[in-house]
Amino acid sequence: MVFTDPEIAWCGLTETAAREQKIKVKTAKLPWRGNGRTLTLGREDGMTKLIVDAETDRVLGVAVVGPGAGELIAEGVLALEMAAVSEDLRKTIHPHPTLSETLFDAAEMLSRK
């Protein structure tokens, strides 16, 4: 994690590292500009990225850039620790409007791929 402005946080594999390990991946990269909470904060300069195994849907990595990324990454760490699949993130309640919704929205994007 890097406490810059905006904050940067990640856990698990990057997309590049997964591909180097010959793992077929699906990714969802969600810009924050449409998120309700970023609008109230006046900060649309964020992004959430999910990296999942294309065959098993298991979460392999999470990256978050934006205000509060250092706190948001905890959900990604938990997802990795419990061997979650993207459906687990979609079934988790994410209050509205919050930045945590970006994890739900990114997981929702994966369900359409």
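Residues numbered from 1 in each chain as written. Predicted model: local features only at pLDDT ≥ 70, side-chain atom pairs only at ≥ 80, totals over all residues. Heavy atoms only, no water.

Our focus in this paragraph is the nonpolar core. In this structure, L50, V59, V62, V64, I73 and L89 are the most contacted members of the largest nonpolar core, which totals 21 residues. Looking at this core, the elements with two or more residues in it are strand 1 (8-12), strand 2 (25-31), strand 3 (47-53), strand 4 (59-65), helix 3 (69-81) and helix 5 (101-111). Those residues within four positions of V62 in sequence are excluded, and the remaining contacts are A9, W10, C11, K49, L50, I51, I73, G76 and L103. (Core = buried A, V, L, I, M, F, W, Y, C linked by side-chain atoms within 4.5 Å. Buried < 20%, exposed > 50% of the residue type's maximum accessible area, 1.4 Å probe, protein only. Helix = DSSP H or I, 4+ residues; strand = E, 2+ residues; numbered from the N terminus. Contact = heavy atoms within 4.5 Å.)

What follows is about unusual backbone geometry. Between D5 and the following residue, P6, the backbone shows a cis peptide bond with an omega angle of 10 degrees. Looking at the element boundaries, P6 is found in the segment before strand 1. A cis amide bond links H96 to the next residue, P97, at an omega of -5 degrees. Along the chain, the position of P97 falls in the loop between helix 4 (86-91) and helix 5. Residue D57 is not a glycine yet carries a positive backbone phi of 70 degrees. Note that D57 resides in the loop between strand 3 and strand 4.

Our next topic: helix 3. Over its 13 residues, helix 3 runs 18 Å from end to end, which matches the ideal 18 Å to within 8%, given 1.5 Å per residue. Residues A69, L72, I73, E75, G76 and A79 constitute the buried set of helix 3. Close packing links the buried residues of helix 3 with strand 1, strand 4, helix 4 and helix 5. Count one or two residues on from helix 3 and you reach A83, which has phi positive near 55 degrees. (Expected span 1.5 Å × (residues − 1).)

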